[in-house]
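Chain and residue survey
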Amino acid sequence: QAENLNTPIISEEGINMLIQLIKLMKAETVLEIGSAIGYSAIRIALATEAKIVTIEKDSASYQLAVDNIAKCRMTERITILNQDALDVELNQKFDLLFIDAAKSQYLRFLEHFKDNLVSGSVVVCDNLLFHGMVENPDSARSKRTKDLVKKIAKFNQELINHPDFETYIYEIGDGLSISIRK
């Protein structure tokens, strides 16, 4: 479905790493920013015991995700919200925050939800190498892509130097970071 709709989703290598991390942590609660069609939330729910809250801004993607979650009989474990994540206020604590949405907003998402994380919670961000363009920005063809690549590179540095997190970026999929809340 993602391929037919040209909807970007996490790579197989990336989702497997994320699921393994959730299992190792014994994470009970996951917050996902960027549901798309519900693929990663469903894969997490099928492979782990975690309860997931996922947020999707786009109404069409949200509806597809709702349908896919229902088809997989995961409505008990996956709560999906159709809102801009930056407008969502949650009083819940999460063991893991997975950010895979508007790349230019990653730092804002992290800052917005960091109080929903306790010491030892983990943040995972996808697409941080952006098709190799972050390491080789001259390969970006359009101005829009070059600007996005600059924003991702800036976020990567801010994340690595963030005083509240210990971070490493892995060459898994399209670049996956794992940050542990201090």
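Further up the page is the structure itself.
Worth saying up front: this structure is predicted, and the values here are computed from it rather than measured.

Once that is clear, we can look at the pattern of salt bridges. Taken as a whole, this structure holds seven salt bridges when the rule is applied. The partner of Lys 57 in a salt bridge is Asp 84, and the shortest N-O contact between them spans 3.5 Å. Pair noted here: Lys 57 is in the loop between strand S2 (51–55) and helix H4 (59–71) and Asp 84 is in the loop between strand S3 (78–81) and strand S4 (94–99), with a separation of 27 residues, a long-range link. Looking at Asp 84, the relative accessible area reads 24%, which means it is partly exposed. Notably, a salt bridge pairs Glu 158 with Lys 154, separated by 3.6 Å at the nearest N-O pair. Of this pair, Glu 158 and Lys 154 both sit in helix H6 (residues 143–160), four residues apart, which is roughly one turn of that helix. Taking the relative accessible area as the measure of exposure, Glu 158 reaches 28% and is therefore partly exposed. Accessibility expressed as a relative area gives 53% for Lys 154, which makes it exposed. One salt-bridge network, in which partners are shared between bridges, spans Glu 111, Lys 114 and Asp 164.

Once that is clear, we can look at the sheet that holds strand S7 (residues 176–181). With mixed pairing, the seven strands of this open sheet are ordered in space as S3-S2-S1-S4-S5-S7-S6. Across the chains shown, the open sheet's two edge strands, defined by having one partner strand only, are S3 and strand S6 (165–170). The sheet shows a mean angle of 15° between the axes of neighbouring strands, direction not considered. Pairing of S6 with S7 involves six bridges; the strand directions are antiparallel.

Cut-offs applied
Residues numbered from 1 in each chain as written. Predicted model: local features only at pLDDT ≥ 70, side-chain atom pairs only at ≥ 80, totals over all residues. Heavy atoms only, no water. Salt bridge = Lys/Arg side-chain N within 4 Å of Asp/Glu carboxyl O. Helix = DSSP H or I, 4+ residues; strand = E, 2+ residues; numbered from the N terminus. Buried < 20%, exposed > 50% of the residue type's maximum accessible area, 1.4 Å probe, protein only. Pairing = 2+ DSSP bridges. Axes fitted to C-alpha atoms, helices over the stretch in contact; angles between N-to-C directions.

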